[in-house]
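One-letter residues, chain by chain:
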Amino acid sequence: VYEVSAGQNRGNGPRWFEGRAMLLERPPVRATTSTGIVIIGSGFAGLGMAIKLRAAGIRDFVILERAHDIGGTWRDNRYPGCACDIPSELYSFSFARNPKWSRVFPTQPEIHEYLRACVDKYDLERHIRYDSDVIEARYDAERVLWQVETRGGTRFEASVLISGMGGLSNPAMPQISGLAEFAGPQFHSARWDHDVDLAGKRVAVIGTGASAIQFVPEIAPSVGHLSLFQRTPPWIVPKIDGPVDPRKSLLLKYLPGYAWLHRTSIYLTHEVRALGFTVDPKLLRTVEKIAKSHIKRQIADPALRATVTPNYRLGCKRILISNDYFPALTRANVAVVTSDIARVEDDAVVTSDGSRHVVDVIIYGTGFRAQDGLAPVRIVGEGGRTLDEAWSDGMEAYLGTSVAGFPNLFTLVGPNVGLGHNSMVFMIESQVAYVLDALRQLRKRGARALDVLPQVQRSFNDEIRAKTKKTVWMSGCRSWYLDKNGRNTSLWPGFTFDFRRRTRRIEPSRYRWIGR
Ligand code: NAP
């Protein structure tokens, strides 16, 4: 079984960047629990699924959560300044509105609080099994059920397995030699060590993605010196944020029609962007101009301007929003380092130009292992074939949700369900509706399991590939959207309403029905 230790470490000998996985002893199974459905993870996907299962009258399910709190990525990412770049009204379930958002763009504590409130409101606590770190899920074809094992030695047997793990749940550590030699504290942004006092310290930040551009402005004023290691500058546009007007909150609370209109208008203004991403990237030129003038307005030094100006097409990587990132870079105690990192020594980051950047702390804003599928959970499907094997040439599923050879496995936020332009909660709700329809169809047809036909999955992925060809993501940049073969395995190359339409109902002829 795989182990990827997620905890932060201080001082010598951190284990968590030793590579993708290591082999551990399988713990003895101490107890077996039978249930109808196992959901892995209690982030937006797992909770959304659970709420809708209960609404459909299904109570026979458990949510296995590896931590001792719910919230997924919104529990794990607690770095200073952590917030969402989709407006709060849309970054919430359509069936669980929250009229109390304090800002246009919600902050991490508020989103986490919202998810906790959903657990209470929909009585989900009774379904959640905390500290249940799933290490393996194995399909038993004879009994037509999934055997799910946790690190603690508990086994669950269920007809249906739903992954709510998402692609951004396991931190990616850079492959830099000498990381283990570093003597000071070091941690990943998604495992922020709040016990480390950064005041007055010399800090290295590696990475300039969505996470780093949020925490750099927060820590820059208090650290002694910040060396920001930038490999590729991100495109950044202004953030139109602010507190929500209390009168608007009242309208949202008491006028459902207004709330609907408001949400729909935010949805549509975001959806329009899909045109630029997936139909004609030339449409993004105006946004590129906005981003360039944002740099000009916020940075006076021509050299720094040039350093932070990207040389690839806007939209190829995620477009970021910030008003305080560029000003933070202009501070006297902040230096943007663009030379490649050669190695890390006990007290310094050494770059390929030979410079030694002496630091006390290293913070990794290096993103997530989005291409590792559902690892570290080992999923074993029909015939003993693992998901890793099935995806050895790249992840693929049918409508992001079903994988051929893995009956009754549903992958929420699976391959090609991600977005660069709109709210993931919308996609999750679409997938949840699809899974519910699958469960309905199983009952109706008197079948025990369904398995998407391989040729259906193949032609769907041919379509994804063809559609991706003309997208801006293929315009030549390195991003977590693409796999090692340069294939888009992460994003939905189209409009989200099209995904909604296609996931409304299961098309029975696209599946093999087992045990009828
Ligand atoms: P990310 O976008 O993948 O950025 C990782 C950064 O680390 C990039 O700048 C990357 O450089 C750099 N990097 C990686 N390995 C490196 C190495 N070996 N040496 C030097 N630099 C290295 O990760 P993230 O910022 O955590 O964001 C991930 C995703 O999470 C986002 O795209 C978004 O979907 C989500 N997110 C959203 C928000 C929000 O809503 N505001 C906030 C945080 C995260 P290259 O660009 O050269 O690869």
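Residues numbered from 1 in each chain as written. Predicted model: local features only at pLDDT ≥ 70, side-chain atom pairs only at ≥ 80, totals over all residues. Heavy atoms only, no water.

Asks: I'd like to hear about the overall build of the chain, residue by residue, with values.
Replies: Along the chain, the regular secondary structure elements total 14 helices and 23 strands. Relative to the compact-globule value of 24 Å for 516 residues, the chain shows a C-alpha radius of gyration of 23 Å, a close match. Along the first, second and third principal axes, the C-alpha set of the chain runs to 70 × 55 × 45 Å. In the chain, which comprises 516 residues, the proportion classed as buried is 57%. (Helix = DSSP H or I, 4+ residues; strand = E, 2+ residues; numbered from the N terminus. Rg over C-alpha atoms; globule rule 2.2 N^0.38 Å. Buried < 20%, exposed > 50% of the residue type's maximum accessible area, 1.4 Å probe, protein only.)

Asks: Please give an account of the packing of aromatic side chains that cites residues and values.
Replies: In total, this model carries 22 aromatic pairs according to the counting rule given. A ring pair is formed by W101 and Y114, whose centres lie 5.3 Å apart and whose planes are at 40°; its orientation type is tilted. One end of the pair, W101, is in the loop between helix 2 (73–76) and helix 3 (108–121); the other, Y114, is in helix 3, and 13 residues separate them in sequence. A single burial state applies to W101 and to Y114, both of which are buried. An angle of 20° between the planes, with centres 6.4 Å apart, marks the rings of F460 and W492 as stacked. (Phe/Tyr/Trp six-rings, centres within 6.5 Å; stacked < 30°, edge-to-face > 60°.)

Asks: Could you give an account of unusual backbone geometry, with specific residues and numbers?
Replies: The omega angle of the peptide bond from A375 to P376 is 15°, so this bond is cis rather than trans. Among the secondary structure elements, P376 is positioned in the loop between strand 19 (361–364) and strand 20 (378–380). Even without glycine at this site, D123 takes up a positive phi of about 55°. Inspection of the secondary structure puts D123 in the loop between helix 3 and strand 6 (128–129). Relative accessible area serves as the criterion here: at 29%, D123 is assigned to the partly exposed category. Backbone geometry at L399 places phi at a positive 50°, although glycine is not the residue there. Note on placement: L399 falls in the loop between helix 11 (387–390) and strand 21 (409–411).

Asks: Lay out the site of the ligand in plain terms, naming residues and giving numbers.
Replies: Around the ligand sit 23 residues in total, of which T208, A210, S211, T232 and K317 are the nearest. In the environment of the ligand, an oxygen atom lies 3.0 Å from a nitrogen or oxygen atom belonging to the backbone of D85. Contact between the ligand and R478: an oxygen atom at 3.3 Å from a side-chain N or O atom of the residue. For the ligand, the protein covers 85% of the area, taking 900 Å² as the surface of the free molecule. Tallied by class, the residues present in the shell around the ligand amount to nine nonpolar, nine polar and five charged. (Near = heavy atom within 4 Å. Polar contact = N/O pair within 3.5 Å; in protein donor to acceptor, adjacent residues only side chain to side chain. Areas by Shrake-Rupley, 256 points an atom, 1.4 Å probe, with all protein chains shown as cover. Nonpolar A, V, L, I, M, F, W, Y, C, P; charged D, E, K, R; others polar.)

Asks: An account of the packing of helix 1 (residues 44–55) against helix 3 is requested, with residue identities and associated values reported.
Replies: The geometry of helix 1 relative to helix 3 is characterised by a closest axis approach of 11 Å and an angle of 25° between their N-to-C directions. Judged on the interaxial angle alone, helix 3 and helix 1 are roughly parallel. For the pair helix 1 and helix 3, the sense of crossing is left-handed. Together, F44, L47 and I51 of helix 1 and I111, Y114, L115, C118 and V119 of helix 3 make up the contact between the two elements. Residues belonging to the contact of helix 1 with helix 3 are distributed by class as follows: eight nonpolar, no polar and no charged. (Axes fitted to C-alpha atoms, helices over the stretch in contact; angles between N-to-C directions. Parallel < 35°, antiparallel > 145°, perpendicular 65-115°, else oblique. Left-handed = near helix turned anticlockwise from the far one by under 90°. Contact = heavy atoms within 4.5 Å.)

Asks: How would you explain the packing of helix 1 against helix 12 (residues 424–445) if you had to name every residue and give the values?
Replies: Where helix 1 contacts helix 12, the two axes come as close as 9 Å, and the packing angle between them is 45°. With respect to helix 12, the axis of helix 1 lies oblique. Judged by the sense of rotation from one axis to the other, the crossing of helix 1 with helix 12 is right-handed. Judged by residue contacts, F44, A45, G48, M49, K52 and L53 of helix 1 engage V425, I428, V432, V435, L436 and L439 from helix 12.

Asks: Can you explain empty space enclosed by the protein? Please cite residues and give values.
Replies: What the rule picks out here adds up to four cavities of 30 Å³ or more. Each pocket or cavity is described by its volume, and for the largest cavity that value is around 70 Å³. What lines the largest cavity is M165, G166, G167, S169, N170, R369, D372, G373, L374, A375 and P376. Along the lines of polarity and charge, the residues of the lining of the largest cavity split into four nonpolar, five polar and two charged. (1 Å grid on protein atoms, 1.4 Å probe; cavity = no way out; pocket = protein on both sides within 12 Å on 5 of 7 lines; lining within 4 Å. Points joined across faces, edges and corners; volume = space filled by probe spheres on them.)

Asks: Let's hear about the pairing of strand 19: which residues, and what values?
Replies: Burial of the side chains of strand 19 extends over both faces: V361 and I363 are buried on one face and I362 and Y364 on the other. Note that strand 11 (residues 202–206) and strand 19 share four bridges and pair parallel. Residue pairing across strands places A204 opposite I362, the latter belonging to strand 19. (Pairing = 2+ DSSP bridges.)

Asks: Run through the layout of surface pockets, naming residues and quoting values.
Replies: The space that makes up the second largest pocket amounts to roughly 320 Å³. Lining the second largest pocket are 21 residues, and of these P87, V104, K248, H262 and I266 lie nearest its centre. Counting only elements with at least two residues in the lining of the second largest pocket, the list comes to helix 5 (246–254) and helix 6 (256–271). When residues of the lining of the second largest pocket are assigned to their parent elements, the largest contribution, four residues, is made by helix 6. Across the lining of the second largest pocket, the residue classes break down as nine nonpolar, six polar and six charged.

Asks: Please set out the side chain of S42 residue by residue, giving values where relevant.
Replies: Structurally, the position occupied by S42 is in the loop between strand 4 (31–40) and helix 1. A distance of 2.6 Å separates a polar atom in the side chain of S42 from a polar atom in the side chain of E65. With sequence-adjacent residues up to four places away left out, S42 is seen in contact with L47, I63, E65, D69, I70, G71, G72 and R75.

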